[in-house]
Amino acid sequence: MKIGFIGCGNMASAMIGGILEKGICSKQEIIVSNRTVEGNERSKKNLGVNVTLDNCQVVRETKTVVLAVKPQFYEEVIAQVKGLITEKHVIISIAPGKTLRWLEEKFGKPVKIVRTMPNTPALVGEGMTGVCANSYVQDIEMAGIKEILGSFGRYEVIPERLMDVVVSVSGSSPAYVFMFIEAMADAAVADGMPRAQAYEFAAQAVMGSAKMVLETGKHPGELKDMVCSPGGTTIEAVRQLEKGGFRSSIIEAMKACVEVGRKM
Ligand SMILES: NC(=O)C1=CN([C@@H]2O[C@H](COP(=O)(O)OP(=O)(O)OC[C@H]3O[C@@H](n4cnc5c(N)ncnc54)[C@H](O)[C@@H]3O)[C@@H](O)[C@H]2O)C=CC1
Ligand SMILES: O=C(O)[C@@H]1CCC=N1
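Quick look at the structure, then.

Definitions and cut-offs
Residues numbered from 1 in each chain as written. Chains lettered and ligands numbered in written order. Predicted model: local features only at pLDDT ≥ 70, side-chain atom pairs only at ≥ 80, totals over all residues. Heavy atoms only, no water. Helix = DSSP H or I, 4+ residues; strand = E, 2+ residues; numbered from the N terminus. Buried < 20%, exposed > 50% of the residue type's maximum accessible area, 1.4 Å probe, protein only. Contact = heavy atoms within 4.5 Å. Areas by Shrake-Rupley, 256 points an atom, 1.4 Å probe, with all protein chains shown as cover. Lys, Arg positive; Asp, Glu negative; His and termini not counted. Charge placed at Lys NZ, Arg CZ, Asp CG, Glu CD. 1 Å grid on protein atoms, 1.4 Å probe; cavity = no way out; pocket = protein on both sides within 12 Å on 5 of 7 lines; lining within 4 Å. Points joined across faces, edges and corners; volume = space filled by probe spheres on them. Nonpolar A, V, L, I, M, F, W, Y, C, P; charged D, E, K, R; others polar. Domains from an automatic or database assignment. Near = heavy atom within 4 Å. Sits in = over half its atoms within 2 Å of the grid points.

With that settled, the discussion passes to the overall build of the protein chain. When you go through the protein chain residue by residue, the secondary structure sums to 12 helices and eight strands. When its C-alpha atoms are laid out on the principal axes, the protein chain stretches across 70 × 40 × 30 Å. Looking at the protein chain as a whole, 39% of its 264 residues qualify as buried. Long-range contacts, defined as pairs at least 24 residues apart, comprise 60% of the intrachain contacts of the protein chain with a sequence gap of at least 6. Total accessible area on the protein chain stands at roughly 14700 Å², and carbon and sulfur atoms take up 57% of it. Of note, the protein chain has its 31 positive side-chain charges centred 3 Å away from the centre of its 29 negative side-chain charges.

The structure is reproduced here in structure tokens:
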């Protein structure tokens, strides 16, 4: 399988890292385009893939093309390459806010489009991707796309109306989780733990807790209660978090995230 990426920044690099790790395709079977020579040098050095400055070359050489530029450049890039898109191509969008309908309109002809929302943990094979497709994408093609998405983590086929929610709950959420880990480590450092050790303790606690949610099937509240001993340390921390509006702060942040995505 050959895969092309138009734009190779943070998200494309994470996806390619996962794809190469799982051996879905080799470095020689991936081609990426960047806007600058420096970008291409970075992609070549970090990922070892083929590089070009010509977005059209990506479309000519591959049938599976990921549009991995920022949303504001989608229109410009689609205008550049649309003349080269055939019925054999499958276009994968990873941008928030760009609906299948919007994408179809910009291509201006029947084009197979898969809309996804991945996240950067793809880099370590622990990504989470929401995915939906337009009616031109056949089952066999969707199976190939699922294989790619599955190579760097989990994926769920979802109705398109939920895609903006996926942006906030998994596309953007690694940023909030990293802030949480950083804040926990800051507190541990404040109480005397060396910084590197603090990151390890905090990150492993987050990973283990996430695994418990995914693997036990228990309600997160029940898992929380299992940690809170009567009159103990944890319930005091929980009390302080509630006082600081912990849950509400996350909910409001995510609602803002969804709103911005919807307007893109
Ligand atoms: N960073 C993240 O965590 C996530 C990002 N996304 C989406 O992925 C897309 C890419 O985002 P990032 O990788 O974070 O951005 P980025 O800025 O790291 O990478 C974008 C890349 O596109 C290249 N580029 C810009 N204009 C170009 C053009 N005309 N032709 C070819 N290459 C061009 C740039 O050189 C850059 O390397 C965006 O649509 C973003 O919303 C989706 C999920 C998560
Ligand atoms: O911040 C952004 O717009 C992109 C979309 C999801 C994660 N990063």
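This paragraph deals with the layout of surface pockets. In this structure, the second largest pocket encloses a volume near 910 Å³. Forming the walls of the second largest pocket are 37 residues, and the residues nearest its centre are Met11, Ala68, Val69, Lys70 and Pro71. Elements with a contribution of two residues or more to the lining of the second largest pocket: helix H1 (10-22), helix H4 (74-81), helix H7 (163-171), helix H8 (173-190) and helix H12 (246-263). Here the residues of the lining of the second largest pocket sort into 21 nonpolar, 12 polar and four charged. Among the domains, domain 1 (3-163) and domain 2 (173-263) are the pair contributing at least three residues each to the lining of the second largest pocket.

Turning our eyes to something else, we now look at the site of ligand 2. Close to ligand 2 lie Pro96, Gly171 and Ser172. Here ligand 2 has 250 Å² of accessible area as a free molecule, and 52% of this is covered by the chains. The site holding ligand 2 turns out to be the second largest pocket.

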